[in-house]
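Residue strings, one per chain:
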Amino acid sequence: MANITKEEIRKPENLVYKKTDLLTDKALSYCPGCGHGTAHRIVMEVLEEMDIQDKTIGIAPVGCSVLAYEFMNIDMQQAAHGRAPALATAVKRLHPDKFVFTYQGDGDLAAIGTAETIHACNRGENIVIIFINNGIYGMTGGQMAPTTLPGMKSSTSPYGRDVQTMGNPLKITELIAQLPGTIFVTRQAVHTPAHVRKTKKAIRKAFENQKLNKGLSFVEIVSNCNSGWKMTPLKSNEWMVDNMFPFYPLGDIKVNE
Amino acid sequence: MAKVVGDIVIDIEKCKGCSVCIPACPQDVIALSKNVNGKGYNYAESINDECTGCTNCAIVCPDGVITVYRKKVE
């Protein structure tokens, strides 16, 4: 490096990236390496870039991200377990000029809230659903979720999920892509910089769709749960690439213009 | 020739030492410290001057603890 000191580089005019002010200064309650933190941040960055933070109402779920309203510095509501799409429907219908999104995990969206999710998607409510899928109930101690992969170990399937007795994993994103109410259904990830950028673009597109009153946009983010999977953060990301992505392939599933 | 130099500032008290930023850095600037922060995590730290300010580490950091600066030098 040329003879330039770090103090000369660390000046406000040279700033290229800092955490958005739409995230509060509270330390995130998530485990080290959890994709929730990255997902929170890119949602807030999209709101900031679109300059709609004052007109946005977020719906927090139940699960690890139940405290999302503590971290997202916008108007938030907390829904009963799984009922975030129902609450979002109400908020959007009462405030059609506001941007409304739900932020849900797989235990919330694909298990207890399946009915609300499917009906909100089928009605084509003009909201954005952000769905974090880590294939496990992370908050309660790593129990098997509907999205747990065949053969995947969890605290309630210690020998691996046996589809004969425990049923098949639920690909809820493919399921709701069949519904006429959804306009944009995609599956992304946030474990590498390239994936973060792509996911951010997808979330941006989802909010743009809402701006144009096009219908329901659904963004699934396949994430890790290193505590629930009993791995280090980097190992869990590798495991996710090797095991989750073949079953939950990334990419746009439905794009209606 | 104009060269780009960068620098990162890590909020070590908020860093959880997950090390997701380490493989994200194309210049191998980041490593985990031998020291721990108030929470007991080995925090990430910058170990050399190769940073180009590409922001890869910052956008992949789950806790958003990395601030990135970039400057062009003639």
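Read on for a plain summary of the structure. (Residues numbered from 1 in each chain as written. Chains lettered and ligands numbered in written order. Predicted model: local features only at pLDDT ≥ 70, side-chain atom pairs only at ≥ 80, totals over all residues.)

## Brief notes about the overall build of chain B
Piece 1. Scanning chain B for helices and strands turns up 2 helices and 4 strands.
Piece 2. Relative to the compact-globule value of 11 Å for 74 residues, chain B shows a C-alpha radius of gyration of 12 Å, a close match.
Piece 3. Over its C-alpha atoms, taken along the principal directions, chain B stretches across nearly 45 × 20 × 20 Å.
Piece 4. Sorting the 74 residues of chain B into buried and exposed places 45% on the buried side.
Piece 5. Looking at chain B alone, contacts between residues at least 24 apart form 67% of all its contacts between residues at least 6 apart. (Helix = DSSP H or I, 4+ residues; strand = E, 2+ residues; numbered from the N terminus. Rg over C-alpha atoms; globule rule 2.2 N^0.38 Å. Buried ≥ 20, exposed ≤ 12 C-beta atoms within 10 Å, placed from the backbone. Contact = placed C-beta atoms within 7 Å.)

## Focus: helix H2 (residues 35–50) of chain A
Residue and element names in this part refer to chain A.
Piece 1. When the terminal C-alpha atoms of H2 are compared, their 23 Å separation across 16 residues agrees well with the 22 Å that a helix rising 1.5 Å per residue should span.
Piece 2. With 13 of 16 residues buried, H2 lies mostly within the body of the structure.
Piece 3. Positive backbone phi, approximately 60°, marks Asp 51, located one or two places after H2. (Expected span 1.5 Å × (residues − 1).)

## Concerning the packing of H2(A) against helix H9 (residues 193–211) of chain A
All names here are of chain A.
Piece 1. One can describe the packing of H2 onto H9 by two numbers: an axis separation of 9 Å at closest approach and a directional angle of 50°. By the criterion of interaxial angle, the relationship of H2 to H9 is oblique. Between H2 and H9 lies a crossing of right-handed hand. The segment H2 lies against H9, with Thr 38, Ile 42, Val 43, Glu 45, Val 46 and Met 50 engaging Val 196, Thr 199, Lys 200, Ile 203, Arg 204 and Phe 207.
Piece 2. Partitioning the contact of H2 with H9 into residue classes produces 7 nonpolar, 2 polar and 3 charged. (Axes fitted to C-alpha atoms, helices over the stretch in contact; angles between N-to-C directions. Parallel < 35°, antiparallel > 145°, perpendicular 65-115°, else oblique. Left-handed = near helix turned anticlockwise from the far one by under 90°. Nonpolar A, V, L, I, M, F, W, Y, C, P; charged D, E, K, R; others polar.)

## Section: the interface of chain B and chain A
Piece 1. Listed per partner, the contact involves 30 residues of chain B and 28 residues of chain A.
Piece 2. Elements with a minimum of two residues in the side of chain B that touches chain A: strand E1 (3–10), helix H1 (21–24), helix H2 (56–60) and strand E4 (66–73) of chain B.
Piece 3. It is E4(B) that contributes the most residues to the side of chain B that touches chain A, 6 residues altogether.
Piece 4. Tallied by class, residues from the side of chain B that touches chain A come to 14 nonpolar, 8 polar and 8 charged.
Piece 5. Bridge count for strand E1 (residues 15–17) of chain A against E4(B) is 2 bridges, and the pairing is antiparallel. (Pairing = 2+ DSSP bridges.)

## Observations concerning the packing of helix H4 (residues 84–94) of chain A against helix H6 (residues 114–123) of chain A
Residue and element names in this part refer to chain A.
Piece 1. Remark: H4 packs on H6, axes separated minimally by 7 Å, with the N-to-C direction vectors making an angle of 40°. When the axes of H4 and H6 are compared, the pair comes out oblique. Only Glu 116, Thr 117 and Ala 120 of H6 make contact with H4, whose side of the interface consists of Pro 85, Ala 86 and Thr 89.
Piece 2. Here the contact of H4 with H6 is built from residues that sort into 3 nonpolar, 2 polar and 1 charged.

## Observations concerning unusual backbone geometry
In terms of backbone geometry, most residues other than glycine have negative phi values and most peptide bonds are trans.
Piece 1. Its identity as a non-glycine residue notwithstanding, Asn213(A) has a phi of 55°, on the positive side.
Piece 2. Within the secondary structure layout, Asn213(A) lies in the loop between H9 and strand E7 (216–222).
Piece 3. Classification of Asn213(A) as exposed rests on a count of 8 C-beta atoms within 10 Å.
Piece 4. The phi dihedral of Asp28(B) falls on the positive side, at around 50°, and the residue is not glycine.
Piece 5. With respect to the helices and strands, Asp28(B) occurs in the loop between H1 and strand E2 (30–36).

## Let's talk about the sheet that holds strand E3 (residues 75–78) of chain A
Residue and element names in this part refer to chain A.
Piece 1. Pairing within the open sheet is mixed, and its 7 strands lie in the order E3-E2-E4-E5-E7-E6-E8. The sheet terminates laterally at E3 and strand E8 (251–255), the two strands that pair on one side only. Neighbouring strand axes in the sheet, compared pairwise and without regard to direction, differ in orientation by 15° on average.
Piece 2. Bridge count for strand E2 (residues 56–60) against strand E4 (residues 99–105) is 4 bridges, and the pairing is parallel. What sits directly across from Thr 56, in E4, is Phe 99.
Piece 3. Lying over the sheet, H2 contacts E2, E4, strand E5 (128–133) and E7, oriented at roughly 160° with respect to E5.
Piece 4. Running at roughly 175° to E4, H4 makes contact with E2, E3, E4 and E5 of the sheet.

## Brief notes about the pairing of E7(A)
In summary, the side chains of a regular strand alternate between the two faces of the sheet.
All names here are of chain A.
Piece 1. The buried fraction of E7 amounts to 7 of the 7 residues, a majority that puts the element mostly inside the structure.
Piece 2. Burial along E7 is two-sided: Leu 216, Phe 218, Glu 220 and Val 222 facing one way and Ser 217, Val 219 and Ile 221 facing the other are all buried.
Piece 3. Two strands pair when backbone bridges link them, and E5 and E7 are joined in this way by 6 bridges, in the parallel orientation. Across the sheet, the residue bridging to Phe 131 is Glu 220, located in E7.
Piece 4. Pairing of strand E6 (residues 182–189) with E7 involves 7 bridges; the strand directions are parallel. Across the sheet, Phe 184 pairs through a bridge with Ser 217, a residue of E7.
Piece 5. A crossover links E6 with its parallel partner E7, the connecting element being H9, and its sense is right-handed. (Right-handed = clockwise from strand over helix to strand, strands pointing away.)

## A word on the nonpolar core
Piece 1. Ranked by internal contacts, the top residues of the largest apolar core, which has 83 residues, are Ile130(A), Cys21(B) and Cys57(B).
Piece 2. In terms of residue count, H2(A) provides more of this core than any other element does, 6 residues in total.
Piece 3. Residues in contact with Ile130(A), not counting those within four places in the same chain, are Ala39(A), Val43(A), Phe101(A), Thr102(A), Tyr103(A), Ile203(A), Val219(A) and Ile221(A).
Piece 4. Ile136(A), Tyr137(A), Met144(A) and Ala145(A) belong to the second largest nonpolar core, which has 6 residues in total. (Core = buried A, V, L, I, M, F, W, Y, C linked by C-beta atoms within 7 Å.)

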